[in-house]
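Next come the chains, spelled out residue by residue.
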Amino acid sequence: MQDPTPGSVFLALQHLEESLYVPQTRFDSEYMEGLLSPDFVEFGSSGRVWSRSQIIRTDPVDIQARLPL
């Protein structure tokens, strides 16, 4: 098996990042448990900090994220 190209790695990471903006995956606890590392911590732009379990347990909300063009 060949090593992945930098472009393919970027596209794979971009796909995973964008899955966090889609309600069907973002609020699927099984998907999020598989995606996030056990020591995951989220630092919000406001300075607030969320644990992995808080992120996984988040109730569905209307996501207002803008994807890069």
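Computed from a predicted model, the values in this text were never measured in an experiment. (Residues numbered from 1 in each chain as written. Predicted model: local features only at pLDDT ≥ 70, side-chain atom pairs only at ≥ 80, totals over all residues. Heavy atoms only, no water.)

A. The arrangement of the overall build of the chain in detail. Helix and strand content of the chain: four helices and two strands. Ordered by position from the N terminus, the helices and strands of the chain form the series α-α-α-β-β-α. Classification of the 69 residues of the chain by burial places 12% in the buried group. Considering only contacts in the chain between residues 6 or more positions apart, those separated by 24 or more positions represent 35%. For the chain, the accessible surface area stands at approximately 5,800 Å², while carbon and sulfur atoms represent 57% of it. (Helix = DSSP H or I, 4+ residues; strand = E, 2+ residues; numbered from the N terminus. Buried < 20%, exposed > 50% of the residue type's maximum accessible area, 1.4 Å probe, protein only. Contact = heavy atoms within 4.5 Å. Areas by Shrake-Rupley, 256 points an atom, 1.4 Å probe, with all protein chains shown as cover.)

B. Quick peek at the layout of surface pockets. Taken as a whole, the largest pocket spans an internal volume of roughly 370 Å³. Taken together, 16 residues line the largest pocket, and the ones lying closest to its centre are Leu20, Arg26, Phe40, Glu42 and Ile55. Of all the secondary-structure elements, those providing two or more residues to the lining of the largest pocket are helix H1 (6-19) and helix H3 (29-35). Of the residues assigned to the lining of the largest pocket, the class counts are eleven nonpolar, two polar and three charged. (1 Å grid on protein atoms, 1.4 Å probe; cavity = no way out; pocket = protein on both sides within 12 Å on 5 of 7 lines; lining within 4 Å. Points joined across faces, edges and corners; volume = space filled by probe spheres on them. Nonpolar A, V, L, I, M, F, W, Y, C, P; charged D, E, K, R; others polar.)

C. Expanded view of the environment of glutamate 33. Note on placement: glutamate 33 falls in helix H3. Through-space distance from the C-alpha of glutamate 33 to that of serine 53 is 8.8 Å; in sequence the pair is 20 residues apart. Beyond its immediate stretch of four places on either side in the chain, glutamate 33 contacts Arg52 and Ile56.

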